[in-house]
Amino acid sequence: MGCSAGFTEATASGMSASVVRTRRIAVTSAVRHAGVAEFTGFFRLVDLESGCETLRTPIPESAWRADDPNPRGGVRGAKGVSAVDDRLVVANSERLFVFDCDWSLVGEFTHPFLGAVHDVLATSEGVWVTCTAGDLLLELDWRGEPLRTWSWRSWPELVAALGFDSVPAFDP
């Protein structure tokens, strides 16, 4: 079966006669072993019914890519996607890109804690980000300002349950 995007059929009056709704999912990806001049991360939309990719666009590269030659991951690639209300957030290793419903870039956030981003979760209050370089979760508001952090290192019971006698506290 070939891939084709859904469409709206127009009538003589210019109004829509029928609207084809497609169920889509947004995903991010990392390209392993990409050359220096190649993109290493993509944002993709996939039509769930046909299994076809309906959109693919590269994600801006990490500012640290030249310093991290890891061919299997590291700072390369796109690191997560989440949507809420009229916002879509896509991450690379140290930045968040916020888009509106028209695919316009309306925000670009960075913060010293945004190191080795693994994934994002958009909420009405802001964006939760897994920052694996600091073993913490960071919540940013929709202006990119920090709201709160959480680290497993600050919970002695959890540290013990994970089999550690002790761990150093997060030290920014």
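What counts, and at which threshold
Residues numbered from 1 in each chain as written. Predicted model: local features only at pLDDT ≥ 70, side-chain atom pairs only at ≥ 80, totals over all residues. Heavy atoms only, no water. Helix = DSSP H or I, 4+ residues; strand = E, 2+ residues; numbered from the N terminus. Buried < 20%, exposed > 50% of the residue type's maximum accessible area, 1.4 Å probe, protein only. Areas by Shrake-Rupley, 256 points an atom, 1.4 Å probe, with all protein chains shown as cover. Lys, Arg positive; Asp, Glu negative; His and termini not counted. Salt bridge = Lys/Arg side-chain N within 4 Å of Asp/Glu carboxyl O. Polar contact = N/O pair within 3.5 Å; in protein donor to acceptor, adjacent residues only side chain to side chain. Pairing = 2+ DSSP bridges. 1 Å grid on protein atoms, 1.4 Å probe; cavity = no way out; pocket = protein on both sides within 12 Å on 5 of 7 lines; lining within 4 Å. Points joined across faces, edges and corners; volume = space filled by probe spheres on them. Nonpolar A, V, L, I, M, F, W, Y, C, P; charged D, E, K, R; others polar. Contact = heavy atoms within 4.5 Å.

J.: Describe the overall build of the protein, and please don't skip the residues or the numbers.
T.: Scanning the protein from N- to C-terminus turns up 1 helix and 13 strands. Across the 172 residues of the protein, 34% fall into the buried class. Carbon and sulfur atoms make up 55% of the accessible area of the protein, which totals about 10,700 Å².

J.: For the side chain of Asp-47, give the residues involved together with the corresponding values.
T.: With respect to the helices and strands, Asp-47 occurs in strand S4 (residues 41-47). Buried charge Asp-47 goes without a salt bridge, the closest partner of opposite sign being Arg-24 at 7.0 Å. At a separation of 2.8 Å, a polar atom in the side chain of Asp-47 contacts the main-chain amide nitrogen of Glu-49. At a separation of 2.9 Å, a polar atom in the side chain of Asp-47 contacts the main-chain amide nitrogen of Ser-50.

J.: Describe the pairing of strand S11 (residues 126-131), naming the residues involved and giving the relevant values.
T.: Sheet topology note: the strand S10 (residues 117-122)/S11 ladder contains 5 bridges and is antiparallel. Paired with Ala-122 across the strands is Val-127, a residue of S11. In this structure, the hairpin formed by S10 and S11 is closed by a connection of 3 residues. The pairing of S11 with strand S12 (residues 136-141) spans 6 bridges and is antiparallel. Among the inter-strand pairings, Trp-128 is bridged to a residue of S12, identified as Glu-139. Between S11 and S12, which pair antiparallel in sequence order, lie 4 residues; one of them, Asp-135, sits at a positive phi of approximately 50°.

J.: So what about the layout of surface pockets? Which residues, and what values?
T.: Think of a ball as big as a water molecule: rolled over the atoms, this probe shows where empty space is left. Reported here for the largest pocket is a volume of approximately 220 Å³. Lining the largest pocket, in full, are Arg-24, Ala-26, Phe-43, Leu-45, Ala-83, Asp-85, Asp-86, Arg-87, Leu-88, Asp-100, Cys-101 and Trp-103. Put simply, the parts of the chain that give the lining of the largest pocket at least two residues each are strand S3 (24-30), S4 and strand S7 (87-91). Looking at side-chain class alone, the lining of the largest pocket contains 7 nonpolar, no polar and 5 charged residues.

J.: Explain the environment of Gly-107 to me, and be specific about the residues and the numbers.
T.: Examined against the element boundaries, Gly-107 turns out to sit in strand S9 (residues 105-109). Taking relative accessible area as the criterion, Gly-107 reaches 12% and is therefore assigned buried. For Gly-107 and Leu-96, which are 11 residues apart along the polypeptide, the C-alpha to C-alpha distance reads 7.9 Å. Once residues within four sequence positions are removed from consideration, Gly-107 is found in contact with Leu-96, Phe-97 and Val-98.

Geometry only, nothing functional implied.
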